[in-house]
Amino acid sequence: MIPLSRPYIDNRHFENIREVLSAASLAGQGPCSERCEQWLQKSMANGKAFLTKSCTSALEMAALILQIEPGDEIILPSYTFTSTANAFALRGAVPVFVGVNPKTMNIDESQIEPAITGRTKAIVIVHYSGTSCDMDLILGIARRRHLLVVEDAAQGICASYKGAQLGTMGDVGCLSFHEIKNVTSAGQGGACLVNKESLVARAETIHDNGTNKAQMKRGEVDHYGWQEVGSNFIMSEVLAAILWAQLQAKDKIMKRRLALWDAYRAQLTMLEERGVIALPWIPEYNAHNAHLFWFRLCDPDDVERFIEHMRTHGISSTAHYSPLHLSPAGRRLGRFVGDDSVTNLASSQLVRVPIYPDLSNDEQEDVIHTVKAFWGVAGGDSDHDGKIGANEVVNGDLREST
Ligand SMILES: *Cc1c(COP(=O)(O)O)cnc(C)c1O
């Protein structure tokens, strides 16, 4: 079975782990963590990067840093992972959901202003599949209406908006190093990018159990104590060792992912021209990171059969989020503003196909052929690394399933 994603692992991962284990300083905030944080800070204009246990914990940290309180409202896209809403609901905030642009599955920027009320505290945006939201528009609204901005850039590492890395533009940005993301720290991990100098001191305290231990380590105070409500958001040094190996390999990871993404796009455009699928749109302001390859089936009733068709040919393919405003917790805790029909339809049409650095050209060809075969289209164009034959025959049983 070709999986949807698989982490890239090379020897350096083992070397880095061995180094950390022999140094026997494992709790975190050690040399590997320092290296990773420095690496992330290279793309930040201001502020500081903090490694966390997950993007979920980075989002929870963001809610504490921004002093989100019961009754505050946050505006977020309905099409996202539960963490985006949970982190703020945990502080008693009300999630106010708005629709997405089906061309990117990112928040529909035009829906933000109508959702603002006197209680709105922050706009929490998601850069779906490493495709950037229109940050000038969003930061403009936030400035005008005195709102904070959190970027859920869980899928956004190594992607940028007009040259700025995703996660570095809002007040706080949150990255994920979960197993399925482009860069992983052994399955679980994240980072909280605090982009405002004025927030860094509190963030440092919140990150380390609400204490000023960091100040003590720097010799600024003699003792440390409980200063704020915080938590243990610190990433284990062993995971940071793996993260460092991943960051060292990021050029290789990115190059392969982008090549696979481009090949999918080139090969599947003919299906878009036939009107059976819609491919993602990459805005000109975005350098994406090929995190996912997704497309929408024009007929949402085909999705289940499509996924089953892929599965029977040994290929994982899955839908993605169910809109949060339709979920039991979303209905109970939040509300949707605007017309949700576009978001609901687009969510029900979306499927993802395998993309990861170790996916071979042959395996990708197999995926492309199998996708095309669902609509009875045989063969592929000849420009895929010169590897897909123009007139390759597709088995009769594949045609049958359309
Ligand atoms: C993966 C993901 C998360 C959660 O990240 P974890 O590191 O698993 O906590 C949150 N938001 C979005 C948009 C994600 O894709």
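Up top is the structure.
Residues numbered from 1 in each chain as written. Predicted model: local features only at pLDDT ≥ 70, side-chain atom pairs only at ≥ 80, totals over all residues. Heavy atoms only, no water.

Q: Can you help me understand the packing of aromatic side chains in this one?
A: By convention here, two paired aromatic rings are described through the distance between centres and the angle between planes. Tallied over the entire structure, the rule returns 13 aromatic pairs. Measuring from ring centre to ring centre gives 5.3 Å for Trp261 and Phe293, while their planes differ by 65°; the resulting arrangement is edge-to-face. Residue Trp261 is found in helix H9 (residues 250–273), and its partner Phe293 is found in strand S14 (residues 293–297); the two are separated by 32 residues along the sequence. On the accessibility criterion, Trp261 (5% relative accessible area) is buried. Residue Phe293 is classed as buried on the basis of its relative accessible area of 0%. (Phe/Tyr/Trp six-rings, centres within 6.5 Å; stacked < 30°, edge-to-face > 60°. Helix = DSSP H or I, 4+ residues; strand = E, 2+ residues; numbered from the N terminus. Buried < 20%, exposed > 50% of the residue type's maximum accessible area, 1.4 Å probe, protein only.)

Q: In this structure, what is going on with the site of the ligand? I would like to understand it.
A: Neighbouring residues of the ligand: 16 residues in total, closest Thr56, Asp152, Gln155, Ser176 and Lys181. Thr56 is positioned with one of its side-chain polar atoms (N or O) 2.5 Å from an oxygen atom of the ligand. Take Ser176: an N or O atom from its side chain is 2.7 Å from an oxygen atom of the ligand. Contact with the protein chains covers 93% of the free accessible surface of the ligand, which is 380 Å². Contributing elements (two or more residues each) for the shell around the ligand: helix H3 (55–65) and helix H4 (82–89). Of the residues assigned to the shell around the ligand, the class counts are five nonpolar, nine polar and two charged. (Near = heavy atom within 4 Å. Polar contact = N/O pair within 3.5 Å; in protein donor to acceptor, adjacent residues only side chain to side chain. Areas by Shrake-Rupley, 256 points an atom, 1.4 Å probe, with all protein chains shown as cover. Nonpolar A, V, L, I, M, F, W, Y, C, P; charged D, E, K, R; others polar.)

Q: For this particular structure, what's the right way to read the packing of helix H1 (residues 11–23) against helix H8 (residues 237–248)?
A: Two numbers describe a pair of packed helices, the interaxial angle and the distance between the axes. In the contact formed by H1 and H8, the axes pass within 8 Å of each other and the chain directions differ by 150°. For the element pair H1 / H8, the angle class is roughly antiparallel. H8 is crossed by H1, and the crossing has right-handed handedness. For the pair formed by H1 and H8, the contact residues are Arg12, His13, Asn16, Ile17, Val20 and Leu21 on the first element and Glu237, Val238, Ala241, Ile242, Trp244, Ala245, Gln246 and Gln248 on the second. (Axes fitted to C-alpha atoms, helices over the stretch in contact; angles between N-to-C directions. Parallel < 35°, antiparallel > 145°, perpendicular 65-115°, else oblique. Left-handed = near helix turned anticlockwise from the far one by under 90°. Contact = heavy atoms within 4.5 Å.)

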